[in-house]
Amino acid sequence: MRFVALRDPTDSWTVFDTANEGPAEFGGRVLIGLTSHDALRLAAAANDEAGCRKINVPASRQRQ
């Protein structure tokens with residue numbers, strides 16, 4: 001997957017772009033400080049747009 005939802009040290013979520021090795025951007029907004037729901041939804045949408053089929057969220061990052 002190109003885009004993954006990651007829980008950060010402040011307990012918020014980031015959509016990480018594995019191709020650019022940094023936070024993803026959408027509509028001029030850097031996708032950090034999100035809820036888990038928003039991060040998962042945005043990562044899925046970004047992967048759909050990029051031609052990927054499912055979200056890859058590491059098990060250690062799935063706690064909400």
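Refer to the structure above for everything that follows.
Scope of this entry: the structure provided in the associated data block. Predicted model, so just to flag it, every value in this text is computed and none were measured.

1. Here's the deal with unusual backbone geometry
Now for step 1: In this structure, Asp 11 takes a positive phi of about 70° despite not being glycine.
Now for step 2: Locating Asp 11 in the fold gives a position in the loop between β1 (3-7) and β2 (13-17).
Now for step 3: The backbone of Glu 21 shows a phi angle near 55°, a positive value even though the residue is not glycine.
Now for step 4: Its place among the elements puts Glu 21 in the loop between β2 and β3 (22-23).
Now for step 5: By relative accessible area, Glu 21 is classed as exposed at 66%.

2. What about helix α1 (residues 36-50)?
The periodicity of an α-helix, 3.6 residues per turn, causes residues three or four places apart in sequence to face the same way.
Now for step 1: For α1, with 15 residues, the first-to-last C-alpha span of 21 Å sits near the 21 Å given by 1.5 Å per residue.
Now for step 2: Three or more residues of α1 are buried, namely Ser 36, Ala 39, Leu 42, Ala 43 and Asn 47. For α1, the angular spread of the buried residues around the axis is 135°, confining them to a single face. α1 presents His 37, Asp 48 and Glu 49 as exposed residues on the side facing more than 90 degrees away from its buried surface.
Now for step 3: On its buried side, α1 packs onto β1 and β2.

Reading guide: rules and limits
- Residues numbered from 1 in each chain as written.
- Predicted model: local features only at pLDDT ≥ 70, side-chain atom pairs only at ≥ 80, totals over all residues.
- Heavy atoms only, no water.
- Helix = DSSP H or I, 4+ residues; strand = E, 2+ residues; numbered from the N terminus.
- Buried < 20%, exposed > 50% of the residue type's maximum accessible area, 1.4 Å probe, protein only.
- Expected span 1.5 Å × (residues − 1).
- Arc of directions from axis to C-beta.
- Contact = heavy atoms within 4.5 Å.

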